[in-house]
Amino acid sequence: MAPRSFWKGYLKLSLVTCPVAMTPAVTEGEKLRFHILNRNTGNRVVSQYVDSVSGAPIGEDDAAKGYPRSEDEYVLLEDEELDALSLDSTRTIDIDTFAPAASVDWIWFDKPHYLVPDDPIGVEAFSVIRDAMKATCTVGLSRLVMYRRERAVMIEPRDKGLVLWTLRFADEVRDAKAYFDEALAAPPSAKALGLISKLIEERKSHWDPVMTRDPVQEQLLDIISEKKKEHRPARGKKQSPATLSNVVNIMDALRKSIDADKRSPKRR
């Protein structure tokens, strides 16, 4: 059963409009989470705001948002002031720009959401917009209020539906040039490049989502299962990290890697 949509509104392109529903494409609902308990009573511990100077707890009505003006001074902002900001694009995804799909770099992608028609009447309009973007290899760009802020969003066709990506704000993305300096632009030797290419071919395989499993969570679930049976699992011996010898010659290392791959069974 598909999860319930968390947003409903309209997808609009010029005079073409259709009702749509949106659902986050990823979830952390299956992540293991712990509660903090009082070890002596077994009761849950609750968090509470306290004054950093007096240590006295404060009520919800006394908590305010502040922006630092100096080390000990803040500019206070009331909820009413934040709510009064002009946020017009709350329920309509108005596509006003199309761009080549490859022109939006991956680093701008933030959170993906599935976008589907919310009414049979709008299926045709939805399908036309989706298939037109597929045919032209373009993505739609718009702005939308999500998570209490107006954000740039990108809409791309995916299978029978659309995926809406929230895009990162400009001040969140660092310029790669500050990290990838000119020293990295020097071309490698042709012989080393050939060996690396051979090694890549030996290790090439299809992507398998099983490699994204979380072994730590699996072990934690095993421990919890044992504790539910009131049996404390034995502690395993802590493994020390393997000691890596210093590789002096990259060519020797590459040859050894290729020879080792030839001797080992083919990776799947």
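What you see is a predicted model, and the numbers here were worked out from it, not measured in a lab.

Calculation notes
- Residues numbered from 1 in each chain as written.
- Predicted model: local features only at pLDDT ≥ 70, side-chain atom pairs only at ≥ 80, totals over all residues.
- Heavy atoms only, no water.
- Core = buried A, V, L, I, M, F, W, Y, C linked by side-chain atoms within 4.5 Å.
- Buried < 20%, exposed > 50% of the residue type's maximum accessible area, 1.4 Å probe, protein only.
- Helix = DSSP H or I, 4+ residues; strand = E, 2+ residues; numbered from the N terminus.
- Contact = heavy atoms within 4.5 Å.
- pLDDT = per-residue confidence, 0-100.
- Salt bridge = Lys/Arg side-chain N within 4 Å of Asp/Glu carboxyl O.
- Expected span 1.5 Å × (residues − 1).
- Polar contact = N/O pair within 3.5 Å; in protein donor to acceptor, adjacent residues only side chain to side chain.

**Let's talk about the nonpolar core**
If you look at soluble globular proteins, the nonpolar side chains tend to sit buried side by side.
Working step 1: Judged by nonpolar contacts, the single largest core of 18 residues is most densely connected at Leu11, Met22, Ile93, Leu144, Ile155 and Leu164.
Working step 2: Contributions of two or more residues to this core are made by β1 (7-13), β2 (16-24), α2 (123-136), β8 (138-146), β9 (149-158) and β10 (161-167).
Working step 3: For this core, the leading source of residues is α2, giving four residues.
Working step 4: Here Leu164 is in contact with Met22, Ile93, Lys111, Pro112, His113, Leu144, Met146, Val153, Met154 and Ile155, once residues within four sequence places are set aside.

**Some remarks on the confidence of the model for the protein chain**
Working step 1: Of the residues in the protein chain, 85% reach a pLDDT of 70 or more, and the chain-wide mean stands at 84.
Working step 2: Element-level pLDDT for the protein chain is lowest in helix α5 (residues 250-263), with a mean of 71, against a maximum mean of 97 in β10.
Working step 3: Below a pLDDT of 50 lies the segment residues 233-237, which in the model reaches two contacts outside its immediate sequence neighbourhood of four places, other chains included.
Working step 4: For residues 242-248, every residue scores under 50 in pLDDT, and the model assigns this stretch one contact once sequence neighbours within four places are set aside.

**Description of the pattern of salt bridges**
Working step 1: With the rule as written, the count across this model stands at 10 salt bridges.
Working step 2: Where Arg130 meets Asp131, a salt bridge forms, and the shortest distance between an N and an O atom there is 2.8 Å.
Working step 3: We classify Asp131 as partly exposed; its relative accessible area is 37%.
Working step 4: Here Arg143 makes a salt bridge to Glu150, at a shortest N to O gap of 3.1 Å.
Working step 5: For Arg143, a relative accessible area of 41% puts it in the partly exposed group.

**Overview of the side chain of Thr166**
Working step 1: By the element assignment, Thr166 lies in strand β10.
Working step 2: Once residues lying within four places of it in the same chain are set aside, the contact partners of Thr166 are Trp108, Phe109, Asp110, Lys111, His113, Met146, Arg151, Ala152 and Val153.

**Side note on unusual backbone geometry**
Working step 1: For Ser14, which is not a glycine, the phi torsion comes out positive at approximately 60 degrees.
Working step 2: Relative to the helices and strands, Ser14 is located in the loop between β1 and β2.
Working step 3: The class for Ser14 is exposed, based on a relative accessible area of 51%.
Working step 4: In this model, Asp159 sits at a positive phi of 55 degrees, which is unusual for a non-glycine residue.
Working step 5: Note on placement: Asp159 falls in the loop between β9 and β10.
Working step 6: Among the residues examined, Asp159 registers a relative accessible area of 61% and is labelled exposed.

**Concerning the environment of Ser127**
Working step 1: Structurally, Ser127 is set in helix α2.
Working step 2: In this structure the C-alpha to C-alpha distance between Ser127 and Leu162, which are 35 residues apart in sequence, comes to 9.5 Å.

**Here we look at helix α4 (residues 215-228)**
Working step 1: Here α4 is 14 residues long and its end C-alpha atoms lie 20 Å apart, about the 20 Å a rise of 1.5 Å per residue gives.
Working step 2: In this structure Asp214 caps α4, since a side-chain oxygen of it lies 3.2 Å from the backbone nitrogen of Val216.

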